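Residues per chain, in single letters:
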Amino acid sequence: MNLGGRAMSSLSPSVTPQLTLFIYLNIDNSWPNEPLRATYVKAVKEHNEKLDNKNYPSGFDLYLPRRLGVDSYSHIQYQDGYFCDLKVKAAMYEGIQPVNYKMYACSSLEETPLRLPVNPRIVESGDRDNLHTKFDVIPKSKERWVTEQHHRLLKICSWTGKPFRVVIVDTLEELNK
């Protein structure tokens, strides 16, 4: 298991999280995946380092696996919403017990012509499907809007708001400890 560059014992006892989010990057060879993997490795390292601070992060950001673009006609093209597969499978545990968690919109979503119709999204403790969502496209302007590569629009938060450690796993079996 890749612990994102930090050993579990390096956290001070007062903030050692009892919750752990395990993520599996479900990326294939049909599109370049190393930049996305590198983005997640860096994000895990930074997230876990912040746990030493009493102002720990509220959640762990999820990244769009590819650019997303909409224009003034996208609300017509995507009348039923824009489906986005995040290419990540995840499981949160409290000790050895799997627990539910929530997926929320990041504040950066406000700057886009997208809306998250289900916010927060509750992810059941046994769900091991790819994390995904559907965005509504709101016609805000006549200009074309395109995300940056690996843009953050969503985040995972614990059910209780407590801090959690993030670990990237190499196999699906590791999500089911």
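None of these values were measured; they are calculated from a predicted model.

As a further point, take the side chain of His47. By secondary structure assignment, the location of His47 is in helix α1 (residues 34-50). With residues near it in sequence (within four places) discarded, His47 still touches Pro57, Gly59, Phe60, Phe164 and Val166.

Now for the packing of aromatic side chains. Across all of its chains, the model carries 3 aromatic pairs by this definition. Judged by centre distance (6.2 Å) and plane angle (35 degrees), the rings of Tyr40 and Phe60 are tilted. With Tyr40 in helix α1 and Phe60 in strand β2 (residues 60-63), the pair connects residues that are 20 residues apart, well separated along the chain. Like Phe60, Tyr40 is buried. Take Tyr40: its relative accessible area is 0%, and that puts it in the buried class. Geometry around Trp159 places Lys102 over its ring, the cationic atom sitting 4.6 Å from the centre.

Right, let's get into the sheet that holds strand β8 (residues 114-115). Strand order in the open sheet made by the 3 strands is β4-β10-β8, with antiparallel pairing throughout. Pairing within the sheet leaves two strands with one partner each, and these edge strands are β4 (82-85) and β8. Here β4 runs beside strand β10 (residues 132-137); their pairing, made up of 4 bridges, is antiparallel. Among the inter-strand pairings, Asp85 is bridged to a residue of β10, identified as His132.

Attention now goes to the pattern of salt bridges. Side chains that carry opposite charge are capable of pairing whenever their charged atoms lie near each other. Following the criterion strictly, the structure yields 6 salt bridges and no others. Residues Asp61 and Lys155 are paired through a salt bridge, measuring 3.8 Å at the closest nitrogen-oxygen approach. Of the two residues, Asp61 is situated in strand β2 and Lys155 in strand β12 (residues 152-158); the sequence distance between them amounts to 94 residues. Residue Asp61 is classed as buried on the basis of its relative accessible area, which comes to 14%.

Scored by pLDDT, the chain comes out at a mean of 80, with 80% of its residues at no less than 70. Every residue in residues 1-14 is under pLDDT 50, and counting partners more than four places away or in other chains gives 32 contacts.

On to the sheet that holds strand β9 (residues 121-123), then. Taken together, the 4 strands give an open sheet; going across it, the order is β2-β12-β7-β9, and neighbouring strands pair in antiparallel fashion. Each edge of the sheet is formed by a strand with only one pairing partner; in this case those strands are β2 and β9. Recorded for the sheet is a direction-independent mean angle of 30 degrees between the axes of neighbouring strands. Relative to β9, strand β7 (residues 101-105) runs antiparallel, the two sharing 3 bridges. Bridged to Tyr101 within β9 is Val123.

Here is what the cut-offs are and how they apply
- Residues numbered from 1 in each chain as written.
- Predicted model: local features only at pLDDT ≥ 70, side-chain atom pairs only at ≥ 80, totals over all residues.
- Heavy atoms only, no water.
- Helix = DSSP H or I, 4+ residues; strand = E, 2+ residues; numbered from the N terminus.
- Contact = heavy atoms within 4.5 Å.
- Phe/Tyr/Trp six-rings, centres within 6.5 Å; stacked < 30°, edge-to-face > 60°.
- Buried < 20%, exposed > 50% of the residue type's maximum accessible area, 1.4 Å probe, protein only.
- Lys NZ or Arg CZ within 6 Å of the ring centre and 35° of its normal.
- Pairing = 2+ DSSP bridges.
- Salt bridge = Lys/Arg side-chain N within 4 Å of Asp/Glu carboxyl O.
- pLDDT = per-residue confidence, 0-100.
- Axes fitted to C-alpha atoms, helices over the stretch in contact; angles between N-to-C directions.

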